[in-house]
Amino acid sequence: MRSPARQQAKGTVPELAPAAGAIQETRDRVKRAYGSAIGRHRRDLVTPALILDLPAARRNIAKMAERLKTMPAKIRPHIKVHKSPELARLQVDAGAIGLSTATIWEAIVMVRSGLDSIFIVNTLAGREKLAALAEIAREAEVMVAVDDPQNTADIAAAARTAGSEVGVLIEVDTGMDRAGLDTPEQAVELARRVAGMEGLELMGVTGYEGHCSLTPERDLRASRQRVAMSTLVDAAERIRAAGLPCPIVSAGGTATWDWTATTHGVTEIQAGSYALMDNFHFPMAGDFEKALTVLATVISRPPDRVIVDAGNKSLGAPALSTMRGHDLKAMRFDEEHGLFIAEPDYPLHVGDVVELVPGYAPGTVNWYDAYHVVEGDRVVDVWPVIPRGPGHGGLIS
Ligand SMILES: Cc1ncc(COP(=O)(O)O)c(C=O)c1O
């Protein structure tokens, strides 16, 4: 997937793609804009502010690494959750074999931040994105999901133009009803085509069982996970039986990670939310700590409610958000208002600062420029959130 010597891209990556220098510029810009927070108490920040409890995130990453030591699968964590090269580096240092991303832009940022072996766990289409994919494959090991013959041929053509080789995993729909081929036979058929295409390297199959994350009931989730993984492993075995390579069998999110990591035939998992955790995933993976919060200020205090300055433009899945240390029921979230039900004498007043645990971490992080990284009560650093992608609040800022 990489040409023999690590080469610089030739400049044909679309302008949208950040160069290494642009990533450093973003870091500098974030330092300039938010750096005055460093050294302050975590409660003394301009709100809403994204707070990363670094020791808790480290413990989550270490716990996952430790538990995987006794399991057959490795982890290639999904970084769309945090969009942070710094957190990705911690995961790799803890033993991750590479990184999974949702977008080409995330992949580029990881590669240009010096990280390697990146799997874009989504299908990609569009001339510029395929050109960017092919170019970045000159700099690092890069893989992408495919489920369509013409799209696969287009990726191969882009790779040949760039003089690179792109790793390809056949996406199988294991029950989520999202992208992916419906049957193992179709997977074998596409694998055959991939194997014959110059510019591509057939690396295996992928089949994220995301519908299991939407199944809070444990036994039903477990049975859905088993059906999903038997479909995926069956596809891998049939590809091998056809005489084709299939070294990687990749699946697994935080809601199913340990079942999937111990499923015979699965070689790696793509879990991501375990690192930051949130209220959506916690009931299904309560071993991991909630390391992400949003600091907010009470801005109004009618008799029956507390209103904070973090609404649905500051929180992902706001309805699932909770107020740390306060047993108040979420009532409603407008754009810049978060409403919680509270008795008239409940001791929260205008100007008080609270911390909200988001419903969904990936959708929260995407609203922010930077993490305020805390250890205990002190802000020790500010880290950029990059990239949010074209059309989603800017690529790298
Ligand atoms: C394809 C894919 N793989 C892995 C994950 C990671 O799942 P989780 O964040 O639940 O660990 C996701 C999350 O949406 C995903 O879309």
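Let me begin by describing the structure that accompanies this report.

How each quantity is defined
- Residues numbered from 1 in each chain as written.
- Predicted model: local features only at pLDDT ≥ 70, side-chain atom pairs only at ≥ 80, totals over all residues.
- Heavy atoms only, no water.
- Helix = DSSP H or I, 4+ residues; strand = E, 2+ residues; numbered from the N terminus.
- Pairing = 2+ DSSP bridges.
- Contact = heavy atoms within 4.5 Å.
- Axes fitted to C-alpha atoms, helices over the stretch in contact; angles between N-to-C directions.
- Near = heavy atom within 4 Å.
- Polar contact = N/O pair within 3.5 Å; in protein donor to acceptor, adjacent residues only side chain to side chain.
- Areas by Shrake-Rupley, 256 points an atom, 1.4 Å probe, with all protein chains shown as cover.
- 1 Å grid on protein atoms, 1.4 Å probe; cavity = no way out; pocket = protein on both sides within 12 Å on 5 of 7 lines; lining within 4 Å.
- Sits in = over half its atoms within 2 Å of the grid points.
- Nonpolar A, V, L, I, M, F, W, Y, C, P; charged D, E, K, R; others polar.

Focus on unusual backbone geometry
Looking along the chain, the bond that leaves Thr47 and enters Pro48 is cis, with omega of -5°. Looking at the element boundaries, Pro48 is found in the loop between helix H1 (20-34) and strand E1 (49-53). Phi at Lys83 is positive, roughly 50°, even though this residue is not glycine. Take Lys83: it is sitting in the loop between strand E2 (74-75) and helix H3 (85-93).

Observations concerning the sheet that holds strand E6 (residues 166-171)
A sheet is described by the order of its strands in space; here eight strands give the open sequence E2-E9-E8-E7-E6-E5-E4-E3, paired in parallel fashion. Strands at the two margins of the open sheet, each flanked by one partner only, are E2 and strand E3 (99-101). Bridge count between strand E8 (residues 248-251) and strand E9 (residues 268-269): two bridges; the pairing is parallel. Its bridge partner being in E9, Ala251 is matched across the sheet by Ile269. Running over the sheet, helix H4 (residues 104-112) touches E3 and strand E4 (118-120) and is turned about 170° from E4. Packing against the sheet, helix H7 (residues 184-195) makes contact with strand E5 (142-146), E6 and strand E7 (200-206), and its axis sits at approximately 165° to E6.

Topic: the site of the ligand
Around the ligand, the structure places 13 residues, and the nearest of them are Lys80, Thr254, Gln270, Gly272 and Ser273. For the ligand, an oxygen atom lies 3.5 Å from a polar atom in the side chain of Tyr208. Here Ser273 contributes a side-chain N or O atom positioned 2.6 Å from an oxygen atom of the ligand. Burial of the ligand by the protein chains amounts to 93% of its free accessible area of 390 Å². Of all the cavities here, the one that holds the ligand is the largest pocket. Here the residues of the shell around the ligand are counted per class, giving four nonpolar, seven polar and two charged.

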